[in-house]
Amino acid sequence: MNTARTVLLSLLIATGAATVGATANAQFTFKTEINAVELTPANIVLPATANGMVSFRPCDGECAEPYTRVQLTPETTFSIDGERMKFDDFRRAFPLAKRSQRAYALINYDVETQAATNIEILQ
């Protein structure tokens, strides 16, 4: 029994070592699926409707960065100070948050589909 156990253990160790060696030689490509952009709310342009495009750029003032546009979808979530809300409520509360000097925003979007997953404002 000990001989069978030793042979099995040796086989498992050899298989594991071969797998680790093959993995170490493989090249991995990392793909960003969700992009998260932190910015000031003043740099966000909300659409009039919940199925429009939101535009934003991550820098203030004289900024060379172009605006990024992503699609809002029924799955996009909105929150201010941790309180989730519907788009219409978020849109009504947004101008006050936009004027706050301390507020910042986080926009997450799917890189492949260019669809916003969530927009969060913290004041």
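Above this text you will find the structure in question.
Residues numbered from 1 in each chain as written. Predicted model: local features only at pLDDT ≥ 70, side-chain atom pairs only at ≥ 80, totals over all residues. Heavy atoms only, no water.

Peer 1: What am I meant to see in the pairing of strand E8 (residues 115-122) here?
Peer 2: Working note: regular strand, side chains alternate between the two faces of the sheet. With 4 bridges joining them, strand E5 (residues 77-80) and E8 adopt parallel strand pairing. In the sheet register, Ile 80 faces E8, and the bridge partner there is Ile 121. Across 7 bridges, strand E7 (residues 104-110) lies against E8 in antiparallel orientation. Bridge assignment links Ile 107 to a residue of E8, and that residue is Ile 119. Two successive antiparallel strands, E7 and E8, enclose a turn made up of 4 residues, where Gln 114 displays a positive phi of approximately 60 degrees. (Pairing = 2+ DSSP bridges. Helix = DSSP H or I, 4+ residues; strand = E, 2+ residues; numbered from the N terminus.)

Peer 1: Explain helix H2 (residues 87-99) to me, please; I cannot follow it from the model alone.
Peer 2: For an α-helix, 3.6 residues make a turn, and residues three or four places apart therefore share a direction. Between its first and last C-alpha atoms H2 spans 19 Å; for 13 residues at 1.5 Å apiece the expected length is 18 Å, and the two agree. At Ala 93, H2 shows its strongest bend, of approximately 40 degrees, with the proline Pro 95 following within four residues. Listed as buried for H2 are Phe 87, Phe 90, Phe 94 and Ala 97. Where H2 is buried, its residues contact strand E2 (44-45), E5, strand E6 (83-85) and E8. (Expected span 1.5 Å × (residues − 1). Bend = angle between axes of the 7 residues up to and from the residue. Buried < 20%, exposed > 50% of the residue type's maximum accessible area, 1.4 Å probe, protein only. Contact = heavy atoms within 4.5 Å.)

Peer 1: Would you mind showing me how to read the environment of Met 53 here?
Peer 2: Mapped onto the elements of the fold, Met 53 is located in strand E3 (residues 53-56). Look at Met 53 and you get partly exposed, because its relative accessible area is 31%. Residues in contact with Met 53, not counting those within four places in the same chain, are Val 45, Pro 47, Arg 69, Val 70 and Gln 71.

Peer 1: Honestly, the state of the cysteines in this entry has me stumped. Any pointers?
Peer 2: In a disulfide, the sulfur atoms of two cysteines are held together by a covalent bond. Evaluated as defined, the whole model comprises 1 disulfide. Across the disulfide from Cys 59 sits Cys 63; the S-S distance is 1.5 Å. Its relative accessible area of 16% is what places Cys 63 among the buried residues. (Disulfide = S-S within 2.5 Å.)

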